[in-house]
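# Per-entry structural report
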Amino acid sequence: MTPAARQEVLGLYRRIFRIAKKWQSASGQMEDTIKEKQYIINEAKTLFQKNKNLTDPELIKQCIEECKARVEIGLHYHIPYPRPIHLPPLGLAPQRGRAFRNQEKLRKLSKPAYLRSYDEVS
């Protein structure tokens, strides 16, 4: 990891913890605020721990972009959880073969940047 990327990653990590420290839930209830703060902290620790050994600059850049997108979406909508998306269903393709692989590829390409690691962790 280059020193510039390392500084950016550490800056994002600190920013997430600062956001968690000041976080207020949209409902205004204390128990929701505590749950959401804990979710933010646990999600950050899990994802950063999972990706700490990445060496490929392109993968590191993708993870940084995903992190930035999730932070901005969370701040904008006041929801720490990833926003649900509506992916096309698998349709009528058989569970193997070219049609199925094409549908899987389309589903993978249609997933937004802020959800790339969500399925791997959950």
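Anything mentioned here points back to the structure above.
The structure displayed is predicted, hence computed values, not measured ones.

The biggest cluster of nonpolar side chains holds 13 residues, and the ones touching the most others in it are Ile16, Ile40, Ile64, Cys67 and Val71. Breaking this core down by element, the ones donating at least two residues are α1 (3-22), α2 (30-50) and α3 (57-77). Ranked by the residues each element gives to this core, the list is headed by α1, at six residues. If sequence neighbours within four positions are ignored, Cys67 has contacts with Leu12, Ile16 and Phe48.

What follows concerns the packing of aromatic side chains. Evaluation of the coordinates by the stated rule reveals three aromatic pairs. For the pair Tyr13 and Phe48, a centre-to-centre distance of 4.7 Å together with 70° between the ring planes defines the contact as edge-to-face. Here Tyr13 is found in helix α1, whereas its partner Phe48 is found in helix α2, with 35 residues between them in sequence. Where Tyr39 meets Tyr81, the ring centres are 4.6 Å apart and the plane angle is 55°; that geometry is what we call tilted. Residue Tyr39 is found in helix α2, and its partner Tyr81 is found in the loop between α3 and α4 (98-110); the two are separated by 42 residues along the sequence. Judged by relative accessible area, which is 34%, Tyr81 ranks as partly exposed. Members of the aromatic cluster, each reached through a chain of ring pairs, are Tyr13, Phe17 and Phe48.

Criteria and thresholds
- Residues numbered from 1 in each chain as written.
- Predicted model: local features only at pLDDT ≥ 70, side-chain atom pairs only at ≥ 80, totals over all residues.
- Heavy atoms only, no water.
- Core = buried A, V, L, I, M, F, W, Y, C linked by side-chain atoms within 4.5 Å.
- Buried < 20%, exposed > 50% of the residue type's maximum accessible area, 1.4 Å probe, protein only.
- Helix = DSSP H or I, 4+ residues; strand = E, 2+ residues; numbered from the N terminus.
- Contact = heavy atoms within 4.5 Å.
- Phe/Tyr/Trp six-rings, centres within 6.5 Å; stacked < 30°, edge-to-face > 60°.

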